[in-house]
Amino acid sequence: SNSTASFWDGNLKISHSINKNNKVKLSIYISGDKFKLNSDTSYNYKNTCSSLNWLHIYNSNLSQYNSLIYSNYWYSIESQSYPLTAFQIDYNIQYLSAESKFKYSPIINHKSSFGIAASHYRLTPSTMHAIGDQSLIESTETKHDNGLDFSIFTDDEWNVTDRFLVYGGIRADAFMSVGKRDVYQ
C-alpha cells in the first residue's frame, strides 16, 4: 500500500507571578498532520495557537484579565501522479484578538464581569498552482478577505441560596469587512 500518515503536536505553557497582584501566562500550541491514503492526493494541515494573558488584582473585589490571542490554520491538498494535471491548493485563516475583562464581586454570593474585545480575521479562501513544468493547471488566487469584530459584554451571577443560582448576560457585537472585495449577487 502507498498510504502514509504522520501527526505531531507541541505545547508550551509558561506562567510567572510578578507580584501578589500581577500574573502573566504564555501558552503556545503547534500541530501538523499529513496523510496520503492509497492514492495520489496528499493532505497537509498545520495549526498554531498562542495566547498571552495578564491578570491584575486591584483588591479582593475587583480584578482585570487581559488577553492577546493569535491563531493560524493552514491546509494544502496536492496531487502529482499525472504530470499534466499536477496541482497544489492552499487555504489559510488567521485570527488575532485582544480582550480586557473585569470581574467584580461586591459580596460573597454575587459576582459580575464586563469587558471589551476586538478581533481581526484574515481569510485566504484558496490559491491553486501547477506543480512541475508539464502541468497544464492554471494558477489562480482568491483575494484575501479581512474582517474586524468589536464587542462589549457583561454578565451577572447571584447565588441566592446554595441550591439556587441566577445568571444572566448580554453581549453586543459589530462585524465589518475591511478592504476591497468583489461581491456577486
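Cut-off values and rules
- Residues numbered from 1 in each chain as written.
- Predicted model: local features only at pLDDT ≥ 70, side-chain atom pairs only at ≥ 80, totals over all residues.
- Heavy atoms only, no water.
- Salt bridge = Lys/Arg side-chain N within 4 Å of Asp/Glu carboxyl O.
- Helix = DSSP H or I, 4+ residues; strand = E, 2+ residues; numbered from the N terminus.
- Buried < 20%, exposed > 50% of the residue type's maximum accessible area, 1.4 Å probe, protein only.
- Patch = residues over 30% accessible without salt bridge, like charges linked within 9 Å, V, L, I, M, F, W, Y side chains within 5 Å.
- Areas by Shrake-Rupley, 256 points an atom, 1.4 Å probe, with all protein chains shown as cover.
- Phe/Tyr/Trp six-rings, centres within 6.5 Å; stacked < 30°, edge-to-face > 60°.

S.K.: Teacher, can you tell me more about the pattern of salt bridges here?
M.R.: Two side chains bearing opposite charge may form a pair once their charged atoms approach each other closely. Here the structure, examined in full by the defined rule, presents 2 salt bridges. Among the salt bridges present, the one from Lys111 reaches Glu157, with a minimum N-O distance of 3.8 Å. Of this pair, Lys111 sits in strand β6 (residues 110-130) while Glu157 sits in strand β8 (residues 145-161), and the two are 46 residues apart along the sequence. Here Lys111 falls in the partly exposed class, since its relative accessible area comes to 43%. We note a salt bridge from Arg171 to Asp173, for which the minimum N-O separation is 3.2 Å. According to the relative accessible area criterion, Asp173 is partly exposed, its value standing at 47%.

S.K.: Sorry, what's going on with a nonpolar patch on the surface here?
M.R.: A cluster of nonpolar residues, Trp158, Val160, Phe164 and Val166, forms a patch on the protein surface that exposes about 350 Å² of accessible area. Mapped onto the nonpolar patch, the elements with two or more residues apiece are β8 and β9 (164-178). Here Val166 is to be found in strand β9.

S.K.: Which parts of the structure should I look at to understand the packing of aromatic side chains?
M.R.: What describes a pair of aromatic rings is the distance from one ring centre to the other and the angle between the planes of the rings. Scanning the model with the defined rule gives 10 aromatic pairs in all. For the ring pair Tyr58 and Phe102, a centre distance of 6.5 Å and an interplane angle of 20° mean the geometry is stacked. One end of the pair, Tyr58, is in strand β3 (residues 41-59); the other, Phe102, is in strand β5 (residues 87-107), and 44 residues separate them in sequence. Classification of Tyr58 by relative accessible area gives partly exposed; the value is 41%. The partly exposed category is assigned to Phe102, whose relative accessible area is 22%. Cluster of aromatic residues (ring-pair linked, three or more members): Phe35, Tyr43, Tyr45, Tyr73, Tyr75 and Tyr91.

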